[in-house]
Amino acid sequence: MIELKNIQIKYGDYVAIDNLNLTIGDGEFFTFLGPSGCGKTTTLRALVGFLTPSGGQILVDGEDFTHVPVEKRGIGMVFQSYALFPTMTVYENLAFGLKVKKMPAAEIDKRVREVAKVIAIKDEQLVRNVSELSGGQQQRVALARAIVLEPKILCLDEPLSNLDAKLRISLRSELKRLQKNLGITTLYVTHDQEEALMLSDKIAVFNNGFVEQVGTPQEIYNRSKTEFVCDFIGDINKLGANVIAQLNREGAALNPDKNAYIRLELIHFKPEPGCFKLSGEVMDCDYNGLTTKYRVKTCGETIRVIKVNDGRPIYKTGETIDMYLKPSDVLQY
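Residues numbered from 1 in each chain as written. Predicted model: local features only at pLDDT ≥ 70, side-chain atom pairs only at ≥ 80, totals over all residues. Heavy atoms only, no water.

On the surface, D26, D61, E63 and D64 cluster together into a negatively charged patch. As for its position among the elements, D26 is in the loop between β2 (14–24) and β3 (29–33). Of the residues examined, D26 reaches a relative accessible area of 61% and is grouped as exposed. (Patch = residues over 30% accessible without salt bridge, like charges linked within 9 Å, V, L, I, M, F, W, Y side chains within 5 Å. Areas by Shrake-Rupley, 256 points an atom, 1.4 Å probe, with all protein chains shown as cover. Salt bridge = Lys/Arg side-chain N within 4 Å of Asp/Glu carboxyl O. Lys, Arg positive; Asp, Glu negative; His and termini not counted. Charge placed at Lys NZ, Arg CZ, Asp CG, Glu CD. Helix = DSSP H or I, 4+ residues; strand = E, 2+ residues; numbered from the N terminus. Buried < 20%, exposed > 50% of the residue type's maximum accessible area, 1.4 Å probe, protein only.)

The following block contains the structure:
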């Protein structure tokens, strides 16, 4: 178990992280999520040992790691830039850390080939220079190089951000499968909400050096504790005063003095128990094969709603449609 207790990190007079408290369970895939400059990478670097907190403690299995040197922490690190040796072969990259530990050559060879097989690095790729590999292949090598050292903890800092969208999605699935199979406690830094929701057991949402919420992906998405988390995670509508007033005339009993949000997929096209109706005009739509996202003008405001395509014709621009939503699905702050 990893515990970050009352962590403070300062750069001169600037406080980047203040009074941070987090607990990461054994074997968890735990993600630090937030916009650029929010403190997530800074926190990860403190855990790995690249910087020392100005206050607080870092505990791993009850042992104080706050001032333990990087090389003695047993933490594997995968960087956004991969940080591989481009003039070395893949095999030499994987073997490098084991050689530094002065392991026997036979054991090094055994470990390298076992990990290469797990990460799906082919034998013919092992003898190639890293510089000859594609971005996706280099990412696999960077991951294998960290895992071959058998770390207790694996830290990944935006590891997929340099890859194209299709490859990124493919490697996400592989990374999740691999982490579960190996059971390594994994800390993952990203600004990509979809990535965080897909991969994580737990997510900490960072904002300006503070953690707004910690929870499962479902808790973060469906029961956002703060307005920042609600607005940052996923696609969401902010309902204006006119829409709130109309829903309340229908009997919704929403608080008009609070900001109100609802997820696009929680607005329905058929009446359901507990729902209230809004009518509006279709302004335009984005067809995406499986779904269509509509912009609808209602009560002088524009809201977005998503509909799964079922083979029926999509709604046309200018068409009037009825929408239904439950007050219990509205998040207010």
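So, on to the sheet that holds strand β5 (residues 63–64). Read from one edge to the other, the open sheet built from 4 strands follows the order β2-β1-β4-β5, with strand pairing classed as antiparallel. Bordering the open sheet on either side are β2 and β5, each of which pairs with just one other strand. Direction of pairing for strand β1 (residues 2–11) relative to strand β4 (residues 55–60): antiparallel, over a ladder of 5 bridges. Looking at β4, one finds that I2 is bridged to V60. Contacting β1, β2 and β4, helix α1 (residues 40–48) crosses the sheet at an angle of about 115 degrees to β1. (Pairing = 2+ DSSP bridges. Contact = heavy atoms within 4.5 Å. Axes fitted to C-alpha atoms, helices over the stretch in contact; angles between N-to-C directions.)

Running from N to C, helix α2 (residues 90–100) and helix α3 (residues 105–118) cross one another at 130 degrees; their axes reach a closest spacing of 10 Å. Between α2 and α3, the angle falls in the class oblique. α2 and α3 meet at a crossing whose hand is right-handed. Across from Y91, L94, A95, L98 and K99 in α2, the residues of α3 making contact are I108, D109, R111, V112 and R113. (Parallel < 35°, antiparallel > 145°, perpendicular 65-115°, else oblique. Left-handed = near helix turned anticlockwise from the far one by under 90°.)

For β1 and β2, the ladder comprises 7 bridges, and the chain directions are antiparallel. If you follow I2 over to β2, its bridge partner there is I24. Count of turn residues in the β1/β2 antiparallel hairpin: 2 residues, of which G12 carries a positive phi of about 65 degrees.

Right, let's talk about unusual backbone geometry for a bit. Phi is positive for N6, which is not a glycine, with a value near 50 degrees. For N6, the location among the structural elements is in strand β1. Phi at D61 is positive, roughly 50 degrees, even though this residue is not glycine. Residue class for D61 comes out exposed when judged on its relative accessible area of 53%.

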